[in-house]
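Given next are the chains, with one letter for each unit.
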Amino acid sequence: MKILAAIDFSPVTEQVLATLIQMAATLPAQVWLIHVAPPDPAFVGYEAGPDVVRGQVAVELHASHQKLQKLADRLRAAGVETTALQLQGKTVDTVIAEAERLPASLIVLGSHGHGAVYNMLVGSVAEGIVRAAEVPVLLVPS
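This write-up is about the structure you can find in this document. Source: prediction; values computed, not measured. (Residues numbered from 1 in each chain as written. Predicted model: local features only at pLDDT ≥ 70, side-chain atom pairs only at ≥ 80, totals over all residues. Heavy atoms only, no water.)

### Considerations on the side chain of S64
So, point 1. Along the chain, S64 falls in helix 2 (residues 51-77).
So, point 2. Residue classification places S64 among the buried positions, given a relative accessible area of 11%.
So, point 3. From its side chain, S64 meets the backbone oxygen of L61 in a polar contact 3.1 Å long.
So, point 4. Excluding residues that lie within four positions of it along the chain, S64 makes contacts with F9, H35 and Q86. (Helix = DSSP H or I, 4+ residues; strand = E, 2+ residues; numbered from the N terminus. Buried < 20%, exposed > 50% of the residue type's maximum accessible area, 1.4 Å probe, protein only. Polar contact = N/O pair within 3.5 Å; in protein donor to acceptor, adjacent residues only side chain to side chain. Contact = heavy atoms within 4.5 Å.)

The structure is reproduced here in structure tokens:
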């Protein structure tokens, strides 16, 4: 079974990792642990703008990549076959595209449990993935 687990480094990430460890103990599974970083800034002049902006974006991407690798190492230490990937893009679109590329049998992600008003105003990544996914989605509550 190929499991795509999307994480955002929020507190629910710990519950997602625990769920993956439990699942891998009962199923033969390969886990792709992914973090979707925001796309490059879309403001005019980013490409030709000051190096300090591009440098800061690079520092942030490197730091999140390091965090992702440490989480993947924890899963591997628990006996879970894990590949870690950091991708850039719109979160829902990127997760769905990666799930199709693998192809994943299951998508696992955390749910922040925001209320209906928040989701109506801001939107919910979990809801977007559930609506767009062509495979089962397991939402791990916070």
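### Observations concerning the environment of V36
So, point 1. Structurally, V36 can be placed in strand 2 (residues 30-37).
So, point 2. Given the relative accessible area of 11%, V36 is considered buried.

### Quick notes on the sheet that holds strand 1 (residues 2-7)
What links the strands of a sheet is backbone hydrogen bonding, and the strands pair in either a parallel or an antiparallel sense.
So, point 1. An order of 3-2-1-4-5 is seen for the five strands of this open sheet, with the pairing classed as parallel. A single partner strand is all that each edge strand has here, and the edge strands are strand 3 (81-88) and strand 5 (137-141). Ignoring strand direction, the axes of neighbouring strands in this sheet form an average angle of 25 degrees.
So, point 2. Pairing of strand 4 (residues 106-111) with strand 5, which is carried by five bridges, proceeds in the parallel orientation. Residue pairing across strands places S111 opposite P141, the latter belonging to strand 5. (Pairing = 2+ DSSP bridges. Axes fitted to C-alpha atoms, helices over the stretch in contact; angles between N-to-C directions.)

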